[in-house]
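Reading the structure
Residues per chain are reported as follows:
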Amino acid sequence: MPERMLTESEGYRLLEACGIPVPPHHLATSAGDARTAAGEIGYPVVMKIISPQIVHKSDVGGVVTGIEGPDDAEEAYRTILQNSTARAPEATVTGIIVEKQMPEGLEVLIGGKTDPSFGKVITFGLGGKLVELLEDVSIRVLPASDDEIRAMIREIEGYRLIRGYRGEPPKDEGALVRIIAAMARIFIEDPRIREFDLNPVILYEEGASVVDARIIVGDTTGGAAARLSIRAPPDLFYPNSIAVIGASASPKKVGYSVLRNLLSFPGDLYPVNPARAEVFGRKAYPSVVDIPGPVDWAVIAVPARLVPGVMEECGEKGVRLAVIVTAGFREIGGPGATLEEEVVAIARKYGIRIIGPNCLGVMMPHMGINATFDPVSPRAGDVAFISQSGAIITTVVDWSLPEEFGFSSVISVGNQADLGFEHYLRFAEQDEKTRSVTLYVEEIQDGRGFMQIVGEVAGRKPVVAVKSGSSRKGRAAASSHTGSLAGSYDIYVAAFQQAGVIPARSLRDAFNLAELLASEGYPQGKRAIAVTSAGGFAVLASDYAELHGIDMVDLPEDVLRDLNAFLPPFWNHSNPMDILGDADAERFAALFNVLIRHQEFWDIVFVIAVPTTLVDPAHVANEIVRLSRNTEKMVVGCMLGGDSIRSGLHILRGCRIPNFEELEDAFKAVGSILSVRTARPGEQSRPPRDGQCPGGGR
């Protein structure tokens, strides 16, 4: 069906059929008809142009409000026609709708659109003419429960106007929930509806009414039902033997870099090169089928045209996983896409799973595996990094080395011809070395399937995601307010949050979050305390907490009594706690003992330490580690400074306690986590520890 916009009268009929309130109305086709209709409806009335080519009626002078009498109705009809002829001469006018002018109230917007990745999504925000300027909206991927709808209403800044602001009585939130839920149902159930705007919906103390509806129908694209692909066996990612097909002694070849990187692999490593007897001092084989022992993985680095033949040989050999780093497949279109289909068909025939093609490869630092052509290998750690960009991986790994940041696995997904995000997430979910997951996402094909799987994984291990493409370029041509406001990036972020994934704007933010969650898990609530020996940072801590939605709690009387027993009399007796500039490690330790004894009143503690002649950073770091190990609460290290605190940072890093060198970054990270979720009732908020750490801990 060709795409078209329902006329307002058609839209009103659709809404009425769903039980959504609309004003009394009539579609007039003459000035006399308008006069009669206005009298029957009752003054005052509003008249609006009806044309499939005119989206924003006010822009062409197509709306007249406050019509109080019969003569005014006729005049308004003629005025609207004259305006539309002058300002939109190409538009086809099907009539002018006459409707009851509803009393003033709070104007909100309810919108929906069909996203190519996630299907049908719904948008809510403040409405009226300033909707794009304010951009105060929330988004949900459908279906959404009434509780989710209520949550999306309450998360916009303008919710204060619904709740009641400066003496204004509260508006009918229940009526708003019912309208959104009804519209969400018809949007899901009617495949013709591609996009809609209800703007404004006027909300009253009792009830609400839609007073403008733009509903676009046509052939629906995207939003296919979730397709859950077959789980890859967990042991697929733990090889005992690897063959490098295309291994080379030439430093200019990818096969050279891959084999060199795998020389530290403790299992069996087999170079495959028909032109050489050995590579890097290891016996080379003309084909994978000539290798005497079993081969679990084959890393394929030969020209694209040779890959199908290599895959046939891998199938004969019984290879379980092919890591195809070669480019020249679907990403180039045409014959490349055909070649990729051929490779996948061969893999399915033999039961081979594929990473890639067109990928950087895979790193498993705990296993001594660097099956990539990245010149450096990362440290072992507890964050899994899954990326759609190989260049992002090489940059991140290079950054991670001086930062002493480690990974449990690093996976370049490439074209995802077989294995995709969902498989790697499942692997990270069951991998004992992984305590949190970071994703770099460019595009997801099956958004709903992804949401289901990542939501399940995020329930067990924290997941952080960076989505590229936040630019608003191209939105000016959108056909509705919803099309303008709910861009692709915004929908991805909303989908992440809905699934329990924590979105991050930058890679540095993402790894700060992942490291914090890997160490401390989800906080149990928003109640925070801050401890510092520097008064200025105590003030900043209050500012940053308020900015990022963190509650700085009051100190209970029994806690104050315990603190007063050893703190100097001039400490500030409030939270954030300024324990004065002469504080040493013993004073921090005594305060931490109080926090360990009284864990019932706080969920998060920020420990802010600065360089002084009285403080050994290593001692303070050890006390931070002890505090973390002896509570189930979130402990956030903020050792601030340069070279003088390096000894403390080394201890924290060795014990997998994150440290934030910029104070606001710490509060920003915690605020990002709290905006998505806290530990659920009965959930173990912190990932299990895996033994002691050097220099501190249990």
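About the thresholds
- Residues numbered from 1 in each chain as written.
- Predicted model: local features only at pLDDT ≥ 70, side-chain atom pairs only at ≥ 80, totals over all residues.
- Heavy atoms only, no water.
- Helix = DSSP H or I, 4+ residues; strand = E, 2+ residues; numbered from the N terminus.
- Buried < 20%, exposed > 50% of the residue type's maximum accessible area, 1.4 Å probe, protein only.
- Contact = heavy atoms within 4.5 Å.
- Areas by Shrake-Rupley, 256 points an atom, 1.4 Å probe, with all protein chains shown as cover.
- Salt bridge = Lys/Arg side-chain N within 4 Å of Asp/Glu carboxyl O.
- Core = buried A, V, L, I, M, F, W, Y, C linked by side-chain atoms within 4.5 Å.
- Pairing = 2+ DSSP bridges.
- Right-handed = clockwise from strand over helix to strand, strands pointing away.
- Axes fitted to C-alpha atoms, helices over the stretch in contact; angles between N-to-C directions.
- Expected span 1.5 Å × (residues − 1).
- Parallel < 35°, antiparallel > 145°, perpendicular 65-115°, else oblique.
- Left-handed = near helix turned anticlockwise from the far one by under 90°.
- pLDDT = per-residue confidence, 0-100.
- Phe/Tyr/Trp six-rings, centres within 6.5 Å; stacked < 30°, edge-to-face > 60°.

What follows is about the overall build of the protein. Secondary structure summary: the protein contains 22 helices and 30 strands in total. Its C-alpha atoms give the protein principal-axis dimensions of about 95 × 80 × 40 Å. A total of 698 residues make up the protein; the buried ones form 56% of that total. Of the contacts formed within the protein by residues at least 6 apart in sequence, a portion of 72% connects residues at least 24 apart. For the protein, the exposed area adds up to about 28500 Å²; of that, 50% sits on carbon and sulfur atoms.

Summed over all chains, the structure comprises 32 salt bridges. With a closest N to O distance of 2.7 Å, Arg192 and Asp190 form a salt bridge. Its salt-bridge partner being Arg527, residue Asp603 comes within 2.9 Å of it at the nearest N-O pair. In this pair, Asp603 sits in the loop between α19 (585-597) and β29 (604-609) while Arg527 sits in strand β26 (residues 527-532), placing the two residues 76 residues apart along the sequence. Because the salt bridges share partners, they merge into one network encompassing Glu8, Lys48, Lys57, Glu99, Asp212 and Arg214.

Core analysis: the largest hydrophobic core is formed by 107 residues, its most contacted members being Leu262, Leu439, Phe606 and Val636. Among the elements that take part in this core, helix α22 (residues 663-676) stands out by supplying eight residues, more than any other. Every residue in contact with Leu262, bar those within four places of it in the chain, is listed here: Ile242, Val244, Leu269, Val299, Ile369, Asn370 and Ala371. Leu6, Val108, Tyr159 and Ile180 belong to the second-largest nonpolar core, a separate cluster that totals 42 residues.

Cis rather than trans, the peptide bond between Asn199 and Pro200 has omega equal to 5°. Position of Pro200 relative to the elements: it lies in strand β9 (residues 193-203). One non-glycine residue, Arg166, lies in the positive phi region at around 50°. Here Arg166 lies in the loop between α6 (159-163) and α7 (173-189). What makes Arg166 exposed here is its relative accessible area of 77%. Unlike most non-glycine residues, Gln416 shows phi in positive territory, near 55°. Tracing the backbone through its elements, the reader meets Gln416 in the loop between β22 (406-412) and α12 (421-430).

Further remarks concern the pairing of strand β12 (residues 241-245). Of all five residues making up β12, five are buried, and the element is well covered by its neighbours. Because side chains alternate across β12, one face comprises the buried residues Ser241, Ala243 and Ile245, and the other comprises Ile242 and Val244, equally buried. Of the strand pairs in this sheet, β12 and strand β13 (residues 268-272) are connected by five bridges, and their pairing is parallel. Bridging from a neighbouring strand, Ile242 pairs with Leu269 of β13. Running through helix α8 (residues 254-261), the crossover from β12 to the neighbouring parallel element β13 is right-handed.

Bringing the sheet that holds strand β17 (residues 321-324) into the picture now. With parallel pairing, five strands are arranged side by side in an open sheet as β13-β12-β16-β17-β18. Only two strands of the sheet have a single neighbouring strand rather than two, namely β13 and β18 (353-355). Adjacent strand axes in the sheet meet at a mean angle of 20°, parallel and antiparallel pairs treated alike. In this structure, strand β16 (residues 297-300) lies alongside β17, joined through four bridges in parallel fashion. Across the sheet, Ile300 pairs through a bridge with Ile324, a residue of β17. Where α8 meets the sheet, its contacts fall on β12, β13 and β16, and the angle it forms with β12 comes to roughly 160°.

Positionally, Ser209 belongs in strand β10 (residues 208-210). Excluding its chain neighbours within four sequence positions, the residues that come into contact with Ser209 are Pro21, Val22, Pro23, Met102, Pro200, Val201, Ile202 and Tyr204.

So, on to the sheet that holds strand β5 (residues 95-100). Overall, antiparallel pairing links the four strands, which are arranged β2-β5-β3-β4 in an open sheet. Edge strands, defined here as strands with exactly one partner in the open sheet, are β2 (25-28) and β4 (63-67). Pairs of neighbouring strands in the sheet enclose a mean axial angle of 20°, with direction left out of account. Two elements, strand β3 (residues 45-50) and β4, share three bridges in a ladder whose sense is antiparallel. Within β4, the position partnered with Met47 by the bridge is Val64. Strands in contact with helix α1 (residues 8-17) are β2, β3 and β5; relative to β5, the strand with the most contacts, it is inclined by about 45°.

Of all six residues in β26, five are buried; the element is thus mostly enclosed. Sheet topology note: the β26/strand β27 (residues 551-552) ladder contains two bridges and is parallel. Paired with Ala528 across the bridge in β27 is Met552. With helix α17 (residues 535-547) bridging β26 and the parallel β27, this β-α-β connection has right-handed handedness. When β26 meets strand β28 (residues 577-578), the two strands line up parallel, connected through two bridges. Across the sheet, residue Val531 finds its bridge partner in β28, namely Met577.

Between its first and last C-alpha atoms helix α16 (residues 507-520) spans 20 Å; for 14 residues at 1.5 Å apiece the expected length is 20 Å, and the two agree. Counting buried positions along α16 gives 12 out of 14 residues, so the element sits mostly inside the fold. Within the sequence span of α16, burial applies to Asp509, Ala510, Phe511, Asn512, Leu513, Ala514, Glu515, Leu516, Leu517, Ala518, Ser519 and Glu520.

Burial of α8 is extensive: six of the eight residues sit out of reach of the surface. Among all positions in α8, only Gly255, Tyr256, Ser257, Val258, Leu259 and Asn261 are buried. Tucked inside the fold, the buried residues of α8 contact β12, β13, β14 (278-279), β16 and β20 (369-372).

With that settled, consider the packing of helix α11 (residues 390-400) against α16. Taken N-terminus to C-terminus, the directions of α11 and α16 make an angle of 60°; their axes are 12 Å apart at the nearest point. One element, α11, and the other, α16, form an angle in the oblique class. Viewed along their axes, α11 and α16 form a crossing whose handedness is right-handed. For the pair α11 and α16, the contacting residues are Ile392, Val396 and Trp399 in the first and Leu507, Arg508 and Phe511 in the second.

What follows concerns the confidence of the model for the protein. Mean pLDDT over the protein stands at 90; residues scoring 70 or higher make up 92%. In this model residues 222-228 is a low-confidence stretch, pLDDT under 50, and it forms 18 contacts with partners more than four residues away in sequence or in other chains. Of the regions scoring below 50 in pLDDT, residues 473-486 engages in 37 contacts with residues more than four places distant in sequence or in other chains.

All right, on to the packing of aromatic side chains then. Tallied over the entire structure, the rule returns 20 aromatic pairs. Pairing Tyr256 with Phe280 gives two aromatic rings, centres 5.1 Å apart and planes at 45°, and the pair type is tilted. Remark: Phe280 occurs in the loop between β14 and β15 (282-283) and Tyr256 occurs in helix α8; sequence separation between them is 24 residues. Linked through ring pairs, Phe118, Phe421, Phe450, Tyr492 and Phe496 together constitute an aromatic cluster.

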